[in-house]
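# A closer look at the structure
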Protein chains: 2
Amino acid sequence: MSLDPVRLLPMANAVRALSMDAVQAANSGHPGMPMGMADAATILWTEYLKHDPAAPDWADRDRFVLSAGHGSMLIYSLLHLSGYARPTMEDIRKFRTLGSLCAGHPENFLLDGVECTTGPLGQGLAMAVGMAIAERHLNAQFGDALVDHRTWVIAGDGCLMEGINHEAIGLAGHLKLGRMNVLWDDNRITIDGSTSLSTSEDIRARYEATGWHVVSCDGHDIADIRRALDEAVASERPSLIACRTVIGKGAPNKQGTSATHGAALGDDEIAAARAHLNWDAEPFELPEQVLSDWRESTERGAQARREWLDRASSESKREEFERRMAGDLPHGFSLDDYISGLISEPQKLATRKASEMALGEINAQLPETIGGSADLTGSNNTKAGGIGPLTADDYSGRYIYYGIREFGMAAAMNGMALHGGIIPYGGTFLVFTDYCRGAIRLSALQQARVVYVMTHDSIGLGEDGPTHQPIEHVQSLRMMPNLLVMRPADAVETAECWDIALRQKDRPTVLALTRQNLPQVRTADHARGSSEKGAYRLKSAEAARKVIFIATGSEVHLALECAARLEQDGIGADVISMVCTELFDEQDAAYREDLLPNVDPEAVLRVSIEAGTTFGWERYTMANGLNIGIDRFGASAPAEDLFEKFGFTADAIIPQIMNKLNG
Amino acid sequence: MSLDPVRLLPMANAVRALSMDAVQAANSGHPGMPMGMADAATILWTEYLKHDPAAPDWADRDRFVLSAGHGSMLIYSLLHLSGYARPTMEDIRKFRTLGSLCAGHPENFLLDGVECTTGPLGQGLAMAVGMAIAERHLNAQFGDALVDHRTWVIAGDGCLMEGINHEAIGLAGHLKLGRMNVLWDDNRITIDGSTSLSTSEDIRARYEATGWHVVSCDGHDIADIRRALDEAVASERPSLIACRTVIGKGAPNKQGTSATHGAALGDDEIAAARAHLNWDAEPFELPEQVLSDWRESTERGAQARREWLDRASSESKREEFERRMAGDLPHGFSLDDYISGLISEPQKLATRKASEMALGEINAQLPETIGGSADLTGSNNTKAGGIGPLTADDYSGRYIYYGIREFGMAAAMNGMALHGGIIPYGGTFLVFTDYCRGAIRLSALQQARVVYVMTHDSIGLGEDGPTHQPIEHVQSLRMMPNLLVMRPADAVETAECWDIALRQKDRPTVLALTRQNLPQVRTADHARGSSEKGAYRLKSAEAARKVIFIATGSEVHLALECAARLEQDGIGADVISMVCTELFDEQDAAYREDLLPNVDPEAVLRVSIEAGTTFGWERYTMANGLNIGIDRFGASAPAEDLFEKFGFTADAIIPQIMNKLNG
């Protein structure tokens, strides 16, 4: 159904009015982008986007991503006008106030129809790449009848200028994600002023160089917008639709300037805009015809959904598809037998290798995993279980060669997880979490099940030296809300960590894994499954307890060695393996008190050992504890020389303990 | 002097031999890249690069950046062959072992001639952009006689695929940095295999779209390399020189494959390579003719330096130029009068505004500052003191509109600082340190004086919500070695922090500044200059001391308010403003003990207040202290509502203190 402009323009102006009025009421926000893109967005939502407001979680809906998330009033307007249950007009009135579902930036955990949280520029588009990968992959696995949708993005100059844009469109172009269409709000204005202040790039040529189809249109000409969208839909390549727009379109005195970007227009300009747009309705009121035209536009999507339900009912794979989309693991998924095998035949292994072995089991049992690495496949040990590459020629593969694109990889994984039906994991060196930290944070904020396989987790990586040796990384990631950081000590803990990570439906996990081999510390069944408590007593004091070691990962066996030495001298020592501080902090007080009893620190000395910064370990060792760590940059040398140099030997640690005990 | 191929090829083969032998001896490293680029690098260094090994700190030398830092044996070979004092052959023999100057990746703080630390991919090229900006800027300020050099880069596919590449070349293209030339090692191999596994991009077209001049050559054809370099030198645009190479060239069985990328070739293949290259010399020995040809090649640069010294001796600006290049502040630089003015007329100001005011003074007194922002000029308050834009038409300007390129900005600032002659500062929102964290880490590792102006430093930014509100950021940056993180409480502390930051010749500073207004807490002279101790007692207990508040930035005035309430009830309370934990930790024990006396925690309660994660504050409050903070993501609402919601009010805090005191 194509309405004529006399009916369509008021529908677009409804977006403009809601946007300028809500920003004015909040006295904060970004009217320029929603007003500039109102026309293109109205055409997109009413004529192209496949969605049904009555069933926002319909698996085969098109995904819409407002990558220019500061223009949040655009999506709030579109959702309300289309008839989604929320936001109500009352929600919109409360835009940007405490408790409103209409937050400053759109949050996926607040509103149906908001597919991902956007605001940090560039990441929305990059997550959309992951959604488009997910769509093609699930299509390859489940067929056209169940999976056949598009991914739409509205992006601004900021999204295109950020470095992640290069990684994201490189991946999308390489994988020929023709179902992905990006509407670029080409308004030539940034916060600082004209885009010519900071860029001279031919964006169209750059996208074409990267394997994209590019089409341009006048973003305020309805017929031209339709032509451009039709061309984009027809292309087998991902499409950039350059919409030439006027920022703040409709505000007669301010449009086309950065003054409309990020501040309320003011009462006078809003009054002028009402006159200019022939918009008579009061703030937060909608003309009946406009509202009914908007609501009727969604019949197209509702019909598509009815047809999908019809088709789906006869699909044999439907049940499995629904399990996958619900994010439930298959009945009977278990690593128990595998772990029993490990315990019965102890091995000296790098935890990255142990992770590969666990993945061999996991990828065999879970068809929903998609692995990958940012060009460190052999180092991250991420390709396991016989999974083959996902390519433009074969989307059914389950391994992605992400290239040297850490940030793009992480954002794509967020997109896959949010699309649903997939559990993504991907690897790089732990130090390069610095390159993708913005996306890790969005995994956590968006409650996305993404597993980061971060190897080479300390000076133990050796010769590559300080640029590649994490010091502050493990602790700095532990500070991030809603993120689990796990540093397993051996193959058994590694398998347990994988099991825990896969069962977290609403939070991401970072696995910090070693390059170097580690002796197996879990050689008996007694601590089975203890990793899920975050920390557990791996060894109990034999003599009277004077010391409690708290160690992680590659330092757990060192703690055991130190404890054995102390016991020889009649000094009892517990060894606690602190696999995941966040999970430990979630345990009840009795459990925490049992491991770390609140006794006089002079009676029992707590000693943390972790080959990274000591900052923060006082939480567990208290002020008078001993913190063994590294508070400077690393160095280039073989790992064993570095552990010696930085004091990670029993010979270096024991005297410090004795000094404290006798001090 | 152009040697003929019969003399040149053995010179290039010397690079190959040293590279493969050193990697073999270390049994670790990357021979493929140095062997592949040996021919092009030999031409570059012997015929184009302006340098004098006898004076590696010559200000007008060309800058050479090995962006593909894993190929470190390339630059070690080039430095040694050219006759730099270090690395000696003994240094090279000890490649990648403890204490060797030939570290796994080239470190600027270990060797002259290594202009920057590389390894984290893409950042070398991006730092070179900063060096090229510095050159044009200093040229504009000091003239051709003193400043007239080029910036050369060798980059690999990784450097080009990383997101930061987009930001860096966008900036270079926009600023028309024609003195910048990038040799791209186009070997079509990454760690995972062929580049076709992960990319389909037309790199030449992308660079052209971004304003670059592109020229291609056969990277193993001497005449063709010369032609390409000549064309690059002649272009007024920055140039990409695509050198088609064979990775590991010279290793007859492994060349052209990823097997040569990151592992020793092995004895058999090295023997085969020696035969293939007609290289008879023993490992770590060099034929006399080869060495003398290399050493003679540097006469060109030595002559250029003699001419420069002649010219410079008659330049009136030479003394100022030398001061700038030495990194010394001008004699008499002082903010004392400005600070006295602040103390005498207290104001309620956002610290971002206070920073702008301080910059007004600083930019007037220090001609070496270059400011900028990643498209948040009006929010970061970074344009101050009447400085004008640095543009392609006027390189003398001192303000850079970096565009929406946080990572590119940070890396460019590193390049400017390392080039010398400039003190760069740049702004974005504190939360977006996540986008440029890799470069902040390299500021710290490289000991570069860069000032990060990071505003909107807490939930105090308000309505933009959780994507824009730092929680873990301040603490996570404090963990980074050799980085100062300062969170000033008012305009006086802000000025003191700027003063401290500018005086750090060998470390970077992050200033965490508020969006919201803060009352001035330093209204008298008694604490003058105390910020340099990192923490100081802003208020002493009046009644018997029972509580010590430790607060930072926007929470200091809240601590004062809480303390006043306690004093009313006869409970004495100190208030410590912890401006910079790193500087505090550097104070002597007596000073630290005076502020935080090691008394029974039940006698004196320590309370930290910071609107961010509580993780890590136990270092200062001890295990039984009270940590007021936020251990979850923020929310979208006006700032005052958020401070209330998250418990940053005296009404919320006092009962917790009383509970502890009475507990």
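The shown structure was predicted, so the numbers you read here are calculated from the model rather than taken from an experiment. (Residues numbered from 1 in each chain as written. Chains lettered and ligands numbered in written order. Predicted model: local features only at pLDDT ≥ 70, side-chain atom pairs only at ≥ 80, totals over all residues. Heavy atoms only, no water.)

## Some details on the overall build of chain A
For clarity, the cut-off: The secondary structure listing takes helices from DSSP runs of H or I that are at least 4 residues long and strands from runs of E that are at least 2 residues long, numbered from the N terminus. By definition in these notes, contact holds between two residues if any of their heavy atoms fall within 4.5 Å. Each accessible area is a Shrake-Rupley result for a 1.4 Å probe, and residues are judged covered by the shown protein chains and nothing else. His residues and chain termini do not enter the charge count, which takes Lys and Arg as positive and Asp and Glu as negative. In plain terms, the charge of a residue is placed at NZ if it is Lys, CZ if Arg, CG if Asp and CD if Glu.
For chain A, the count of helices and strands is 26 helices and 20 strands. Dimensions along the principal axes, computed over C-alpha positions, put chain A at roughly 90 × 55 × 45 Å. A fraction of 78% describes how many contacts in chain A between residues 6 or more apart in sequence connect residues 24 or more apart. Total accessible area computed for chain A in this model is approximately 20,100 Å², and 46% of it derives from carbon and sulfur atoms. Counting 61 positive and 91 negative side-chain charges, chain A places the averaged centre of each group 1 Å from the other.

## Let's talk about helix H12 (residues 299–313) of chain A
Residue and element names in this part refer to chain A. Short version of the rule: In this analysis, the expected span of each helix is defined as 1.5 Å times one less than the number of residues it contains. Burial classes follow relative accessibility: with a 1.4 Å probe on protein chains only, a residue under 20% of its type's maximum area counts as buried, one over 50% as exposed, and anything between as partly exposed. The reported arc concerns the directions from the helix axis to the C-beta atoms and nothing else.
The end-to-end C-alpha distance of H12, which contains 15 residues, comes to 21 Å, matching closely the 21 Å that a straight helix rising 1.5 Å per residue would cover. Every buried residue of H12 is accounted for by Gly301, Ala302, Ala304, Trp308 and Ala312. For H12, the angular spread of the buried residues around the axis is 155 degrees, confining them to a single face. For H12, exposure combined with an orientation more than 90 degrees from the buried face picks out Asp310 and Ser313. Close packing links the buried residues of H12 with helix H13 (318–326).

## Looking at the relation of the copies chain A and chain B
Our working rule: For the least-squares superposition of copies, only C-alpha atoms count, and only for residues with pLDDT at least 70 in both.
Once turned by 180 degrees and shifted 0.0 Å along the axis, chain A lies on chain B with an RMSD of 0.0 Å. Taken together, these values place the two copies in the relation of a two-fold axis. Same-surface contact between copies: 99% of interface residues of chain A are shared with the interface of chain B.

## Re the environment of Ala12(A)
Residues and elements named next belong to chain A. Here alanine 12 lies in helix H1 (residues 5–26). Separated by 29 residues in the primary sequence, alanine 12 and alanine 41 have C-alpha atoms spaced 7.9 Å apart. If near-sequence neighbours (up to four positions away) are discounted, alanine 12 is found in contact with Ala38, Asp39 and Thr42.

## With respect to the sheet that holds strand E12 (residues 451–455) of chain A
Residues and elements named next belong to chain A. This is how it is decided: DSSP-based pairing: two strands are paired if at least 2 bridges between them are found. An axis is simply a line fitted to the C-alpha atoms; with a helix, the fit covers only the stretch in contact. Between two such axes, the angle follows the N-to-C directions and lies from 0 to 180 degrees.
The six strands lie next to each other as E10-E9-E11-E12-E14-E13, forming an open sheet whose pairing is parallel. Every other strand in the sheet has two partners, leaving strand E10 (399–401) and strand E13 (484–486) as the edge strands with one partner each. Strand-to-strand twist across the sheet, computed as the mean angle between neighbouring axes with direction ignored, equals 20 degrees. Of the pairings in the sheet, the one linking strand E9 (residues 369–373) to strand E11 (residues 423–429) comprises three bridges and is parallel in character. Across the sheet, the residue bridging to threonine 369 is isoleucine 423, located in E11. This element, helix H18 (residues 433–445), spans E11 and E12 of the sheet and lies at about 160 degrees to E12.

## Some remarks on the packing of aromatic side chains
Residues and elements named next belong to chain B. This is how it is decided: Pairing of aromatic side chains here covers Phe, Tyr and the six-membered ring of Trp, requires ring centres within 6.5 Å, and sorts the geometry by plane angle: under 30 degrees stacked, over 60 edge-to-face, intermediate tilted.
Using the criterion set out here, one finds 28 aromatic pairs over all chains in the structure. For the ring pair tyrosine 425 and tryptophan 498, a centre distance of 5.5 Å and an interplane angle of 85 degrees mean the geometry is edge-to-face. Of this pair, tyrosine 425 sits in strand E11 (residues 423–429) while tryptophan 498 sits in helix H20 (residues 491–502), and the two are 73 residues apart along the sequence. A residue is classified by how much of its surface remains accessible, and tryptophan 498, at 1% relative accessible area, is buried. On the numbers, 5.4 Å between centres and 75 degrees between planes, the contact of phenylalanine 432 with tyrosine 435 is edge-to-face.

## Some points on the interface of chain A and chain B
Reports often express the size of an interface as the amount of accessible area lost when the parts come together. To keep it simple, the criterion reads: Put simply, buried area is the surface a 1.4 Å probe can reach on two separate parts but cannot reach once they are joined, added for both. Salt bridges are identified by distance alone: a Lys or Arg side-chain nitrogen within 4 Å of an Asp or Glu carboxyl oxygen. Any pair of nitrogen or oxygen atoms within 3.5 Å is treated as a polar contact; in protein, a donor-acceptor pairing is required on top of that, and neighbouring residues in sequence qualify only through side-chain atoms on both sides.
Contacts between the two partners involve 94 residues from chain A and, on the opposite side, 93 residues from chain B. Of the roughly 8,100 Å² buried between chain A and chain B on both sides combined, carbon and sulfur atoms contribute 59%. Linking chain A to chain B there are eight salt bridges. Applying the counting rule to chain A against chain B returns 49 residue pairs in polar contact (both at pLDDT 80 or more).

## Let's talk about the packing of helix H17 (residues 406–419) of chain A against H18(A)
Residues and elements named next belong to chain A. This is how the line gets drawn: By definition in this entry, angles of less than 35 degrees are roughly parallel, angles greater than 145 are roughly antiparallel, angles of 65 to 115 are roughly perpendicular, and the rest are oblique. Left-handed is the label given to a crossing in which the near helix is rotated counterclockwise from the far helix by less than a right angle, and right-handed is the label when the rotation is clockwise. Ten residue types, Ala, Val, Leu, Ile, Met, Phe, Trp, Tyr, Cys and Pro, are classed as nonpolar, four, Asp, Glu, Lys and Arg, as charged, and the remainder, Gly among them, as polar.
Running from amino to carboxyl end, H17 crosses H18 at an angle of 10 degrees, the nearest separation of the two axes being 7 Å. With respect to their mutual orientation, H17 and H18 come out roughly parallel. Considering how the two elements wind past one another, H17 and H18 form a crossing that is left-handed. Contacts between H17 and H18 involve Glu406, Phe407, Ala410, Ala411 and Asn414 from the first element and Tyr435, Cys436, Gly438, Ala439, Leu442 and Ser443 from the second. Of the residues in the contact of H17 with H18, the class split is seven nonpolar, three polar and one charged.

## With respect to helix H5 (residues 123–142) of chain A
An α-helix turns once every 3.6 residues. As a result, residues three or four positions apart point the same way. Between its first and last C-alpha atoms H5(A) spans 28 Å; for 20 residues at 1.5 Å apiece the expected length is 28 Å, and the two agree. Of the residues one or two after H5(A), Gly143(A) is the one with positive phi, at around 90 degrees.

## Some thoughts on the pattern of salt bridges
With the rule as written, the count across this model stands at 86 salt bridges over all chains. Of the charged contacts in the structure, one is a salt bridge between Asp224(A) and Arg227(A), with a shortest N-O distance of 2.9 Å. With a gap of three residues between them, Asp224(A) and Arg227(A) both fall in helix H9 (residues 222–234), about one helical turn apart. A salt bridge links Arg63(B) to Glu115(B), with the shortest nitrogen-to-oxygen separation between them at 4.0 Å.

## Some points on the pairing of strand E7 (residues 239–244) of chain A
Residue and element names in this part refer to chain A. With five of six residues buried, E7 is to be regarded as a mostly interior element. With six bridges joining them, strand E3 (residues 180–186) and E7 adopt parallel strand pairing. The residue bridging valine 182 from the neighbouring strand is leucine 240, located in E7. The pairing of strand E6 (residues 213–218) with E7 spans six bridges and is classified as parallel. Looking across to E7, one finds that histidine 213 is bridged to serine 239.

## Brief notes about the packing of helix H1 (residues 5–26) of chain B against helix H3 (residues 72–82) of chain B
If you want to describe how two helices pack, look at the angle between their axes and the distance between the axes. All names here are of chain B. The contact between H1 and H3 brings their axes to 9 Å, and the two run at 125 degrees. With respect to H3, the axis of H1 lies oblique. Two packed elements cross with a definite hand, and for H1 against H3 that hand is right-handed. On H3, the residues touching Met11, Ala14, Val15, Leu18, Ser19, Ala22 and Val23 of H1 are Met73, Leu74, Ser77, Leu78 and Leu81. In the contact of H1 with H3, the residues fall into 10 nonpolar, two polar and no charged.

## Thoughts on the sheet that holds strand E17 (residues 545–551) of chain B
Strands belonging to one sheet form pairs held by backbone hydrogen bonds; the direction of such a pair is parallel or antiparallel. Residue and element names in this part refer to chain B. Ordered in space as E16-E18-E17-E19-E20, the five strands form an open sheet in which the pairing is mixed. The open sheet has two free edges, formed respectively by strand E16 (535–539) and strand E20 (626–628), since each of these has just one partner strand. Neighbour to neighbour, the strand axes of the sheet diverge by 25 degrees on average, direction disregarded. In this structure, E16 lies alongside strand E18 (residues 572–578), joined through four bridges in antiparallel fashion. Bridging across to E18, alanine 535 finds its partner in methionine 578.

## Observations concerning unusual backbone geometry
Residues and elements named next belong to chain A. At the junction of arginine 86 and proline 87, the peptide bond is cis and its omega measures out at 5 degrees in the coordinates. Within the fold, proline 87 resides in the loop between helix H3 (72–82) and helix H4 (89–93). In this structure, aspartate 375 takes a positive phi of about 65 degrees despite not being glycine. In this fold, aspartate 375 is placed in the loop between E9 and helix H16 (377–380). Judged by its relative accessible area of 5%, aspartate 375 is buried.

## Quick notes on the side chain of Asp499(B)
Residue and element names in this part refer to chain B. Note that aspartate 499 resides in helix H20. Of the residues examined, aspartate 499 reaches a relative accessible area of 18% and is grouped as buried. Each residue touching aspartate 499, except ones within four places of it in the same chain, is listed here: Phe333 and Leu335.

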